[in-house]
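Architecture at a glance
For reference, the chains in residue letters:
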Amino acid sequence: KAMFAKQAGAGAVLVLPGITGFDSMRMLAEDPKFNLPIIAHPALLGSHVRDGFSHAALFGTLCRMAGADATIFPNYGGRFGFTKEECMSIVDACAVPLGNYKPIFPTPGGGMTMSRIPQMIDEYNKEVMLLIGGDLIGHSSNLRANAEAFVKLLNR
């Protein structure tokens, strides 16, 4: 399906390693014919942090070692129960020197609002992808104006 997405013109793919397995993401990342950014989605991974994995290891280091270019994780203050410290540990794991592994983009999401963009940029710095969906669409009925307001908040 990832190759189909590439052939159809996709600019990146979203992989759910909790469903496909981390090794399938790694194989895709290592395939020279694929060569698209891979964004790891956290679906079905949350139980692992309750059962022994650290947030940093699971959402940061493991996604990074499996070939993700960005890793989505539930941001604190959203719909999920991650703490600020757990989120910051993920951010650190995305960038800390790790042999030949390149840094990846931390991507907090999950019930985030546009009003929190300045705070998130202050805390995560600009080397981050912000996953703001529902609030971007629901901010007003004008999606273009909403996107412009999003960019304005990023560039404050």
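Check the entry above for the structure.
Below, the structure is looked at part by part. (Residues numbered from 1 in each chain as written. Predicted model: local features only at pLDDT ≥ 70, side-chain atom pairs only at ≥ 80, totals over all residues. Heavy atoms only, no water.)

Positive phi is not limited to glycine here, since Asn35 has a value of about 50°. By the secondary structure assignment, Asn35 is in the loop between α3 (22-30) and β2 (38-40). Classification of Asn35 as exposed rests on a relative accessible area of 66%. Of note, Leu44 is a non-glycine position whose phi angle comes to about 65°, a positive value. For Leu44, the location among the structural elements is in the loop between β2 and α4 (46-50). Its relative accessible area of 61% is what places Leu44 among the exposed residues. (Helix = DSSP H or I, 4+ residues; strand = E, 2+ residues; numbered from the N terminus. Buried < 20%, exposed > 50% of the residue type's maximum accessible area, 1.4 Å probe, protein only.)

Consecutive residues of a regular strand have side chains that alternate between opposite faces of the sheet. Counting buried positions over the five residues of strand β3 (residues 70-74) gives five, a clear majority of the element. With burial as the criterion, each face of β3 is covered, one bearing Ala70, Ile72 and Pro74 and the other bearing Thr71 and Phe73. Note that β2 and β3 share two bridges and pair parallel. Counterpart to Ile39 in the pairing with β3 is Ala70. Looking at chain direction, β3 and strand β4 (residues 105-109) are connected through five bridges and run parallel. Bridged to Phe73 within β4 is Pro108. Handedness of the crossover joining β3 and β4 through helix α6 (residues 84-95): right-handed. (Pairing = 2+ DSSP bridges. Right-handed = clockwise from strand over helix to strand, strands pointing away.)

Before going further, it helps to examine the packing of helix α7 (residues 117-124) against helix α9 (residues 143-154). Packing of α7 against α9 brings their axes to within 9 Å, and their N-to-C directions diverge by 40°. In terms of orientation, α7 lies oblique with respect to α9. Where α7 crosses over α9, the handedness of that crossing is right-handed. On α9, the residues that touch Ile117, Pro118 and Ile121 of α7 are Phe150, Leu153 and Leu154. Among the residues forming the contact of α7 with α9, the class breakdown is six nonpolar, no polar and no charged. (Axes fitted to C-alpha atoms, helices over the stretch in contact; angles between N-to-C directions. Parallel < 35°, antiparallel > 145°, perpendicular 65-115°, else oblique. Left-handed = near helix turned anticlockwise from the far one by under 90°. Contact = heavy atoms within 4.5 Å. Nonpolar A, V, L, I, M, F, W, Y, C, P; charged D, E, K, R; others polar.)

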